[in-house]
There are 2 protein chains.
Amino acid sequence: MISQTTEYALRAIVTLADKHPQPMTTEQLSEHTQVPTGYLAKVMQQLTKGGLVSSQRGLHGGFKLVSKPKDITMLDVVRILEPLPRINSCPLEIGDHGTDLCPLHRRLDNLIAMVEKQLTSTTIARLLAEKNANKPLCSGRIKD
Amino acid sequence: MISQTTEYALRAIVTLADKHPQPMTTEQLSEHTQVPTGYLAKVMQQLTKGGLVSSQRGLHGGFKLVSKPKDITMLDVVRILEPLPRINSCPLEIGDHGTDLCPLHRRLDNLIAMVEKQLTSTTIARLLAEKNANKPLCSGRIKD
DNA sequence: ATATATCAAGATATATTTATCCTTTATATG
DNA sequence: CATATAAAGGATAAATATATCTTGATATAT
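Let us look at the protein's contact with DNA strand C. Around DNA strand C sit 28 residues in total, of which Lys42 and Leu59 of chain A together with Thr5, Pro36 and Arg57 of chain B are the nearest. The contact atoms of DNA strand C, taken as those within 4 Å of the protein, divide so that sugar and phosphate hold 72%. Tyr8 of chain B places a polar side-chain atom, nitrogen or oxygen, 3.0 Å from a phosphate oxygen of DNA strand C. Mapped by element, the contributors of at least two residues to the surface near DNA strand C are α3 (37–49), β1 (53–56) and β2 (62–65) of chain A together with α1 (4–19) and α3 (37–49) of chain B. The residue inventory of the surface near DNA strand C, partitioned by class, reads seven nonpolar, 16 polar and five charged.

Bringing the side chain of Arg11 of chain A into the picture now. Topologically, Arg11 of chain A is positioned in helix α1 (residues 4–19). On the basis of relative accessibility, which here comes to 5%, the residue Arg11 of chain A falls in the buried class. Beyond its immediate sequence surroundings of up to four residues, Arg11 of chain A is in contact with Gln4, Thr33, Gln34, Val35 and Leu137 of chain A together with Pro91, Leu92, Leu104 and His105 of chain B.

Burial analysis of helix α4 (residues 74–81) of chain A places six of its eight residues in the buried class, which makes it a mostly covered element. For α4 of chain A, every residue scored as buried is listed here: Met74, Leu75, Asp76, Val77, Val78 and Leu81 of chain A. On its buried face, α4 of chain A is in contact with α1, α3, α5 (103–120) and α6 (124–129) of chain A together with α5 (103–120) of chain B.

Another aspect to go through is unusual backbone geometry. Residues His20 of chain A and Pro21 of chain A are joined by a peptide bond in cis, for which omega reads 0°. Along the chain, Pro21 of chain A falls in the loop between α1 and α2 (26–33). The phi dihedral of Gln34 of chain B is positive, around 65°, even though this residue is not glycine. As for its position among the elements, Gln34 of chain B is in the loop between α2 (26–33) and α3. With relative accessibility at 29%, the residue Gln34 of chain B sits in the partly exposed group. One non-glycine residue, His60 of chain B, lies in positive phi territory at about 65°. With a relative accessible area of 69%, His60 of chain B lands in the exposed category.

All names here are of chain A. Relative to β2, β1 runs antiparallel, the two being bridged by four bridges. Each bridged residue has a counterpart across the sheet, and for Ser55 the counterpart in β2 is Phe63. Following β1, the chain reverses through five residues before pairing antiparallel with β2; Gly58 in that reversal takes a positive phi of roughly 80°.

Each copy superposes on the other: chain A lies on chain B with an RMSD of 0.1 Å after a rotation of 180° and an axial shift of 0.0 Å. As the rotation angle and translation indicate, the two copies are arranged about a two-fold axis. Across chain A, the rotation axis passes nearest the C-alpha of Met1 of chain A, at a separation of 2.2 Å.

Moving on, we come to the protein's contact with DNA strand D. Thr5, Pro36 and Gln56 of chain A together with Lys42 and Ser55 of chain B are the nearest of the 27 residues found near DNA strand D. Between Arg57 of chain A and DNA strand D, the recorded distance is 3.0 Å, taken from a side-chain N or O atom to a base nitrogen. Put simply, the parts of the chain that give the surface near DNA strand D at least two residues each are α1 and α3 of chain A together with α3, β1 (53–56) and β2 (62–65) of chain B. Top element by residues in the surface near DNA strand D is α3 of chain B. It accounts for four residues. Here the surface near DNA strand D is built from residues that sort into seven nonpolar, 15 polar and five charged.

Looking now at the interface of chain A and chain B. Tallying the contact residues gives 41 residues for chain A and 41 residues for chain B. Roughly 3,700 Å² is buried in total at the junction of chain A and chain B, and carbon and sulfur atoms are behind 72% of that figure. For the pair chain A and chain B, the interface holds two salt bridges. We note a salt bridge from Glu130 of chain B to Arg107 of chain A, for which the minimum N-O separation is 2.7 Å. Summed over the shared surface of chain A and chain B, the result is six residue pairs in polar contact (both at pLDDT 80 or more). Mapped by element, the contributors of at least two residues to the side of chain A that touches chain B are α1, α5 and α6 of chain A. Broken down by element, the side of chain A that touches chain B gets its largest block of residues, 11 residues, from α5 of chain A. Taken together, the residues that form the side of chain A that touches chain B break down as 23 nonpolar, nine polar and nine charged.

Conventions adopted
Residues numbered from 1 in each chain as written. Chains lettered and ligands numbered in written order. Predicted model: local features only at pLDDT ≥ 70, side-chain atom pairs only at ≥ 80, totals over all residues. Heavy atoms only, no water. Near = heavy atom within 4 Å. Polar contact = N/O pair within 3.5 Å; in protein donor to acceptor, adjacent residues only side chain to side chain. Helix = DSSP H or I, 4+ residues; strand = E, 2+ residues; numbered from the N terminus. Nonpolar A, V, L, I, M, F, W, Y, C, P; charged D, E, K, R; others polar. Buried < 20%, exposed > 50% of the residue type's maximum accessible area, 1.4 Å probe, protein only. Contact = heavy atoms within 4.5 Å. Pairing = 2+ DSSP bridges. Least-squares fit on C-alpha atoms with pLDDT ≥ 70 in both. Buried area = accessible area lost by both parts, 1.4 Å probe. Salt bridge = Lys/Arg side-chain N within 4 Å of Asp/Glu carboxyl O.

Structural measurements only, silent on function.
So, in structure tokens, the structure goes:
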């Protein structure tokens, strides 16, 4: 439904947002998000290339959000890791036939559209505003 | 979002439904759905084990739907191939904390719930009723 | 400058998904 | 019973997703 990698990215962005505009290192992010450090490093690279975060090497470096949490939607994150593939033409057809998908693929595309809409309508700031017990992710391990 | 395998299964079920209650062989289904024959055979096995279709070996054998198209929902098909994993406890937490997910995972779970709801509300019969140009899938290659 | 902190990039490893092929088993029909 | 048909099952292969590790590049502080 939503890949592991994408879910990791969302965890990281939420965590960065909570500290915004302070930078966080991969190590710190890994602790907070419980994502394996090495893999998270790759995910952060993708988010950097995608323009969502900026990176800074060296002492006191790390990653930080390029925009404010209120200006980042969940879809902004998701689409960097796994562009939700809208169905524009039937996979069966030789050519395409515009909006004239068969009922099955019309439904499947509507489903994706619905998910996109939901993801677009939720900003990262909104997630922070709803946070429980002062924690943006529900881990008990966050060390403040 | 929805795996290739699941999408193949939906194609096959829709095709079977269109001919219901006639059985169709893997070969025939493969032609109609454009799914690789060998792989489709495996998918059909899963659908059989899942109880959605019955299989019959030998001459005039093949697969047919166990229930009527109007009694099969898209979710019935999807859940055999990839059980949509609802998020009941936070992936981060050591234990679980009931309905008290963090905002991020609450949203992600809601998303899955929404998809489930849509898939449940669409029967295969409904897809057939909407079919274009008398074809349940939009392939130009169906030989009637 | 030098030492330290930190990300970037590439190679490699493992798991899962997708796909193919071959042999075996079951069934219908002459 | 013999034969043809068709699914079941197992082995293998290829592609992709997930994960680790090492080395190199770059920024900071002293």
